[in-house]
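# Descriptive structure summary
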Amino acid sequence: MLTRVAIVVGAICALASPALGQARDTATAIRQLQQQVQRGEITPEEILARLEAAEMTVDDLRQRLVDAGYPADLLDEYLSTGAFPAGVPALTSEQVERLLQRLSIPPLGPAVDSLYGPTRVAREILVDTLALPLELEPPVFGRSLFERATTEFVPVTMGPVPANYRLGPGDGLVLVLTGDVQAIYDLPVTREGFVVIPDVGRVSVNGLTLDQLRNALYTYLGQVYSGVRQGPEATTFFEVTIGSLRSNQVYVIGDVDRPGQYEVTSVSTALDALYRSGGPTKNGSFRNIQVRRGERVVANLDVYEYLTRGAATGDITLNQGDVVYVPVRGRHVEIAGNVMRPGIYELKGEEGLRALIDLAGGVEPEADLRRVQLDRIVPPDQRQPGVGRTLVDVNVAELLDTEGEFVPIDRGDRVYVFAVGEERRNSVTLRGNVWSPGVYAFSPGMTLGDLLDRAGGVKVDTYLGRAQIFRLDPMDLSRSVVAVPLTSDLETELMEYDEVVVYSISEFQARRTVSIDGAVNDPGVYEYRENMTVRDVILEAGGLTEAAYVLEAEVARVIMSPERPGDLTEILTVPLDSSYVVNETDGPRAGREAEFLLQPYDNVFIRSRPGFELQRKVTITGEVMFPGSYALVREGEDLTSLIERAGGLTPEAYPDGVRYFRIEQATGDPESHVSRLNVDLTELLDNPSERNRFALMDGDSIHIPGYSPTVLVDGAVLYPTSVMFEPGQGLDYYISMAGGYAFDADKGRTRVEYPNGSVGNINGWFIFKSKPVPEAGSRVFVPAKPPATQGSIDLRNLVAVLTALTTMVIVLSRN
């Protein structure tokens, strides 16, 4: 059951996560939902009802994720494990409803609502809308212990028990006799606190430990079995163990997730009962949990001791009627930044900042202990209008190493531990046209030449006339520029934090290009290089296509001469031949000039061969003798010719139902569109004259169906259905066979959709009205009236009824 819940919630959160932002903490929503399910506040059935109403499968979910723009395997971790994974953001009620609709999961109907109640996902998990940012609260330290499923606090129900365990009513003992006597007895402890041993009688065990009971049994058993005695003379031996443990009724109350009465075993402790209740809420105390026995507080449990040191002081075994009470939390403080466990912590007694950092697991290596900041609520008597908080900077470097000054922490404080800066000491930085740029260790006396040697030297196209050293002034932290010629000043001494920049010659040059268009495999713009030829740019463009005209190419060259100010380009013709690209010889040969050298910004155009075109194909399927894809044999080949090449129609063919699809592309539109054409195939076959010819085009698809002896009646009729076709019957006949028009039917807009794609509408008015006649395979569709129209019609009907009733009342009153 929970597996399918996880699938739905995982899908919802995966779809919502882009809107929530990748930088936010997203680890709580699934955990919250799991708690809701376990607490019974939201049942798996409520979510399952939504799934089942949508008739969704796992494949449907994957497909809908793809349709929404997400990877199909985004939910595979949920689908394979069935666990509630972390890493999914919390949502609001509107988000859940919106995303359920995006997954086409409909709302619960009245019947389902009566079974499961209203869907509470919306009110319990969601806190905001998709359009607003989510601010998740920091985790409350200790809550995660009670949120995940674990056997950590599941008490034993059989096997060994503590040495100090005292027997009582409800326990079950097992007595085993060996030696001269062989016997096994199950001995339940009665309400009065005794057991009955066959042949021995009643033995009181209430309040005894197992060791005390063993000593007592030597006396009782020895009176019946002479071989039972202590010492080497014994010939009959016994062993007594606990077979089953009694149950106790205890109470867990206060600020816990599920307060109430719980049945636990006699060896259960306060932590066991606390775990059963879901643990303290975010407002409950983790450090002052009381175990009350009658009027006394017999133990105080500090969960932090268990979590941070593994000590369970105060976690005593519970007795019948014990009360575990969780009060409201004490002094709570939030700590964030560069600590091991950021979160909200509860402090007690005189614990201060040092204790808080210890509870948070200490600071991370990158923490800057000189800058720990306290965001503190100003006491009411010290507040000024509009100012309720203040900042306090604390240097805790000495506090963590020695018994330094005590830093108090107040209720509601927020502590932030900053990180050290990214700047590094003893470093210089090298950027630019060198083989290994980066940050290098600085040493006194280090020169520019030393640094360049460690970086592998400069590259070939380096600008040697000037490098720049950006030098930091330690007084005001400003930077100055030191210009250094790389041809002479390599012995320039560097300083700590220097940043050296080496430039390349190409950085100062405009990017020069050539372009190629036409019958090449990869037309486009390419970088110009010295001595670049037409053959070179053709090779970069992937070579010529099969349609290329290989006798000549055209080169358009920019005119840069001031003597021709009105001319933009010069057109040059370059002779080619069939071996131009693949021949390795650079020299001239018959029919071809020497390699044509290009200049920057030349545009090469490779023409296509006149009349060259690959085969045009059309597809014909359905009721023809040889369906398949056919190549057009000539320009303007018609549909009747294609049908003849396909062997003609089969006896089952229905020409009036032909479906003809054509791929069309509007001028300037990069996308093509499929349209359906209305074709009267019967007329074409009966009268194949020149004026009735239907010319085929590349990509056309024709389907000729078999005969369909029915007419589908759909839309605003009482019983949408398929009606057997009756020759000669009109539109009204098929409407009546579907139960007639519905109350909201727009009769005047009724239409007949014929199998070949054409549509017939009702035309005219009153006695001049003409109605389309359905054919076999047609669809009769009756649209519904718009809501506003329905309202006006209903109002007129209401007025008519009221008028008739008024007339009736007048007539009756006169009689």
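Above this text you will find the structure in question.
Residues numbered from 1 in each chain as written. Predicted model: local features only at pLDDT ≥ 70, side-chain atom pairs only at ≥ 80, totals over all residues. Heavy atoms only, no water.

As enumerated under the stated definition, the model contains 27 salt bridges in all. In this structure, R246 and D171 form a salt bridge, with 2.5 Å as the shortest nitrogen-oxygen distance. Of this pair, R246 sits in the loop between β5 (236-244) and β6 (247-254) while D171 sits in the loop between α9 (144-147) and β1 (172-179), and the two are 75 residues apart along the sequence. A salt bridge links R214 to E239; its shortest N-O distance comes to 3.2 Å. Linking R214 in helix α10 (residues 210-222) with E239 in strand β5, this pair joins segments that are 25 residues apart in sequence. The class of E239 is partly exposed, set by a relative accessible area of 38%. Each of R287, D302, K348 and E351 takes part in one network of salt bridges that share partners. (Salt bridge = Lys/Arg side-chain N within 4 Å of Asp/Glu carboxyl O. Helix = DSSP H or I, 4+ residues; strand = E, 2+ residues; numbered from the N terminus. Buried < 20%, exposed > 50% of the residue type's maximum accessible area, 1.4 Å probe, protein only.)

With that settled, the discussion passes to α10. Given a rise of 1.5 Å per residue, 13 residues ought to cover 18 Å, and the 18 Å separating the end C-alpha atoms of α10 matches this to within 8%. Where α10 bends most, at A216, the angle is about 30°. Within the sequence span of α10, burial applies to L210, L213, L217 and L221. (Expected span 1.5 Å × (residues − 1). Bend = angle between axes of the 7 residues up to and from the residue.)

On the surface, D680, E683, D686 and E775 cluster together to form a negatively charged patch. With relative accessibility at 43%, the residue D680 sits in the partly exposed group. (Patch = residues over 30% accessible without salt bridge, like charges linked within 9 Å, V, L, I, M, F, W, Y side chains within 5 Å. Areas by Shrake-Rupley, 256 points an atom, 1.4 Å probe, with all protein chains shown as cover. Lys, Arg positive; Asp, Glu negative; His and termini not counted. Charge placed at Lys NZ, Arg CZ, Asp CG, Glu CD.)

This part covers the nonpolar core. Among the nonpolar cores identified, the biggest contains 44 residues, and L274, I335, L353 and V415 are the most heavily contacted of them. Ranked by residues supplied to this core, first place goes to helix α11 (residues 270-276) with five residues. Of all hydrophobic cores here, the second largest spans 25 residues; its members include L173, I197, V203 and I242. (Core = buried A, V, L, I, M, F, W, Y, C linked by side-chain atoms within 4.5 Å.)

Attention now moves to a nonpolar patch on the surface. A cluster of nonpolar side chains, Y463, I505 and F508, forms an exposed patch at the surface whose accessible area comes to about 290 Å². Mapped onto the fold, F508 is located in the loop between β20 (499-502) and β21 (513-518). For F508, a relative accessible area of 52% translates into the label exposed.

Let us look at unusual backbone geometry. Positive phi, close to 55°, is recorded for N426, a residue that is not glycine. Considering the arrangement of structural elements, one finds N426 in the loop between β15 (414-419) and β16 (427-432).

The subject of this paragraph is the sheet that holds β5. In space, the three strands of this open sheet follow the order β2-β1-β5, with antiparallel pairing throughout. The open sheet has two edge strands with one neighbour each: β2 (183-188) and β5. On average, adjacent strands in this sheet sit at an angle of 20° to one another, irrespective of strand direction. Sheet topology places β1 next to β2; six bridges connect them, and they run antiparallel. By the bridge assignment, G172 is partnered in β2 with P188. Where α10 meets the sheet, its contacts fall on β1 and β5, and the angle it forms with β5 comes to roughly 140°. (Pairing = 2+ DSSP bridges. Axes fitted to C-alpha atoms, helices over the stretch in contact; angles between N-to-C directions. Contact = heavy atoms within 4.5 Å.)

Spatial ordering of the open sheet is given by β32-β31-β35-β33-β34, a layout of five strands whose pairing is mixed. At either end of the open sheet lies a strand with only one pairing partner, and these are β32 (721-724) and β34 (759-761). Averaged over neighbouring strand pairs, the angle between their axes works out to 25° when direction is ignored. Both strand β33 (residues 751-753) and strand β35 (residues 779-782) contribute to a ladder of three bridges, which runs antiparallel. From the neighbouring strand, V752 faces β35, where its bridge partner is V780.

Of the pairings in the sheet, the one linking strand β18 (residues 467-472) to strand β19 (residues 479-484) comprises six bridges and is antiparallel in character. Directly across from A467, in β19, lies its bridge partner V484. Hairpin connection between β18 and β19: a loop of six residues separates the two successive antiparallel strands, and L477 in this loop has a positive phi of roughly 60°.

D171 sits in the buried class, given a relative accessible area of 1%. Residues D171 and R246, spaced 75 residues apart in sequence, show a C-alpha to C-alpha distance of 4.5 Å. If sequence neighbours within four positions are ignored, D171 has contacts with Y165, R166, L187, P188, V189, S244, L245, R246 and S266. Only 2.9 Å separates the side chain of D171 from the side chain of Y165, close enough to count as a polar contact. (Polar contact = N/O pair within 3.5 Å; in protein donor to acceptor, adjacent residues only side chain to side chain.)

A few words on the side chain of S504. By the secondary structure assignment, S504 is in the loop between β20 and β21. Within polar-contact distance, the side chain of S504 engages the side chain of S506 at 3.2 Å. In this view, S504 contacts N433, D461, T462 and Y463; residues no more than four positions away in its chain are not counted.

Below, the discussion takes up the packing of aromatic side chains. If you walk through the whole model with that rule in mind, you get twelve aromatic pairs. Ring pairing ties together the aromatic residues F141, F146, Y275, F286, Y304 and Y345, which thus form one cluster. Over the face of the ring belonging to Y325 we find R292, whose NZ or CZ atom lies 4.6 Å from the ring centre. When the ring centre of W435 is taken as reference, the NZ or CZ atom of K459 above it lies at 5.3 Å. (Phe/Tyr/Trp six-rings, centres within 6.5 Å; stacked < 30°, edge-to-face > 60°. Lys NZ or Arg CZ within 6 Å of the ring centre and 35° of its normal.)

Remember, this is a structural readout, not a statement about activity or role.
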